[in-house]
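Chain residues, written in single-letter form:
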Amino acid sequence: MSSLPLSDLPGPLPALPAPAAPARSPYAPARLARHTLTLLPLLLIGAWAAADWRTVRDGAARLAAADPWWLLAGLFFTCTGWVVAALVRQGSIPDRLPPGLLLASQFAAGAANHVLPASIGAHAVTLRFLQGQGIPLARGTASLAPYSLVKPIAKTVVLLGFLIGFPELLHLGELVPDRRTLFLVAAGVVVVLGTATVLVTTVRPLRRPLLGFVRTALTDARILHTRPSRILALWGGAAATPLLQASVIASVGFALGLPLSWTQVTLALLLASTAVGAVPAPGGIGPVDAALVFTMVTFGAPMGLAAATVIGYRVLTVWVPLLPGALVLSIMVQRKIL
């Protein structure tokens, strides 16, 4: 053994300085992709404006001279839409969620929804919120199934109700798709379902998580439909969503002097969103806008007024809440709610 006193023993070796972290390039691919996705709605609106600049210019001039009270009514219906979105989210999951935070998460999700296509941004924000509330990822992911399925079903029921309740609006020969269009739609549905079936049956790593997802979704759906409050929130909110959207459009149209009734505007939105709503554009911007303008023109609205109405609708539902929604999203992330 060494005869050195304990005080003379060598101490621990000094720690080597940590290597400096490599400088992050401001042009990293992830950052460029994020900036590109943020600007995507603006690029889509810009492309549409460039394609028909004269119509957009006339519509913007009319919007500047619109009735402010009808525009305030449109803003009210826009805010009500966030409350209804929170109701539908609550109705799609058995666990009780804090109402205030749920509403804030849906307001923040609205900003993300206009950046990524097919509601991916809104679903991602909602999943982060559910995980922050202690809900397992499997159950949170399964809640997207009733949310995503009930909304188009409820919208179709509302559309059928309008067509049955207002048969005088059925004479819409220009809006009825021809056989070729119906064949392409049917072929697309068959291809998607066939591809999904082949992947599930042949790719084993996908089979187990997918079966678990389906099992959890079916179990939660059965639980939800034994609770009247959840049924009302889920189905009632899903049916009210297109009616509130149509009320925003109609309010903007009335502010501009659009010669269409609320029923015609609602039916135009239902037809347009049903026809091209499956196109994966951020927030439906682009395809739905063009289809909505075409449908309102078919109902007898002037092209300039129809375009101005759609522009005003996008201003109230996208551009006005975009910055506040992004701020709420940032605050919720900083507070680790998301």
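Residues numbered from 1 in each chain as written. Predicted model: local features only at pLDDT ≥ 70, side-chain atom pairs only at ≥ 80, totals over all residues. Heavy atoms only, no water.

Draft legend 1. Representation of the packing of helix 7 (residues 144–165) against helix 10 (residues 228–256). It is the contact of helix 7 with helix 10, at a shortest axis distance of 8 Å, that shows an interaxial angle of 60°. Taken together, the axes of helix 7 and helix 10 lie oblique to each other. In terms of crossing hand, the pair formed by helix 7 and helix 10 is right-handed. Packed against helix 7, whose contacting residues are Pro146, Val150, Lys151, Ile153, Ala154, Lys155, Val158 and Phe162, the element helix 10 presents Leu234, Trp235, Ala238, Ala239, Pro242 and Leu243 at the interface. Split by residue class, the contact of helix 7 with helix 10 holds 12 nonpolar, no polar and two charged. (Axes fitted to C-alpha atoms, helices over the stretch in contact; angles between N-to-C directions. Helix = DSSP H or I, 4+ residues; strand = E, 2+ residues; numbered from the N terminus. Parallel < 35°, antiparallel > 145°, perpendicular 65-115°, else oblique. Left-handed = near helix turned anticlockwise from the far one by under 90°. Contact = heavy atoms within 4.5 Å. Nonpolar A, V, L, I, M, F, W, Y, C, P; charged D, E, K, R; others polar.)

Draft legend 2. Quick peek at a nonpolar patch on the surface. Taken together, Leu149, Ile153, Val157, Ile231 and Trp235 make up a surface patch of nonpolar side chains, about 430 Å² in accessible area. Residue assignment for the nonpolar patch shows that the elements contributing at least two residues are helix 7 and helix 10. Looking at which element gives the most residues to the nonpolar patch, the answer is helix 7, with three residues. Structurally, Ile231 is set in helix 10. (Patch = residues over 30% accessible without salt bridge, like charges linked within 9 Å, V, L, I, M, F, W, Y side chains within 5 Å. Areas by Shrake-Rupley, 256 points an atom, 1.4 Å probe, with all protein chains shown as cover. Salt bridge = Lys/Arg side-chain N within 4 Å of Asp/Glu carboxyl O.)

Draft legend 3. Region of interest: empty space enclosed by the protein. With the rule as written, the count across this model stands at one cavity of 30 Å³ or more. Every residue lining the largest cavity is listed: Arg89, Ser92, Ile93, Thr126, Leu130 and Ser143. Tallied by class, residues from the lining of the largest cavity come to two nonpolar, three polar and one charged. (1 Å grid on protein atoms, 1.4 Å probe; cavity = no way out; pocket = protein on both sides within 12 Å on 5 of 7 lines; lining within 4 Å. Points joined across faces, edges and corners; volume = space filled by probe spheres on them.)

Draft legend 4. The side chain of Thr266, seen in detail. When you line up the elements, Thr266 lands in helix 11 (residues 262–276). Polar side-chain contacts of Thr266 include one of 2.8 Å to the backbone oxygen of Trp262. The contacts of Thr266, once residues within four sequence positions are left out, are Phe162, Leu243 and Ala246. (Polar contact = N/O pair within 3.5 Å; in protein donor to acceptor, adjacent residues only side chain to side chain.)

Draft legend 5. Molecular detail of helix 3 (residues 68–91). The terminal C-alpha atoms of helix 3, which comprises 24 residues, lie 35 Å apart, in line with the 34 Å expected from a rise of 1.5 Å per residue. Gly74, Thr78, Val84, Ala86, Val88, Arg89, Gln90 and Gly91 are the residues of helix 3 that are buried. If you check the start of helix 3, you find a side-chain oxygen 3.1 Å away from the backbone N of Trp69, and it comes from Asp67. (Expected span 1.5 Å × (residues − 1). Buried < 20%, exposed > 50% of the residue type's maximum accessible area, 1.4 Å probe, protein only.)

Draft legend 6. Expanded view of the environment of Gly100. Assignment of secondary structure puts Gly100 in helix 4 (residues 99–113). Separated by 14 residues in the primary sequence, Gly100 and Ala86 have C-alpha atoms spaced 9.5 Å apart.

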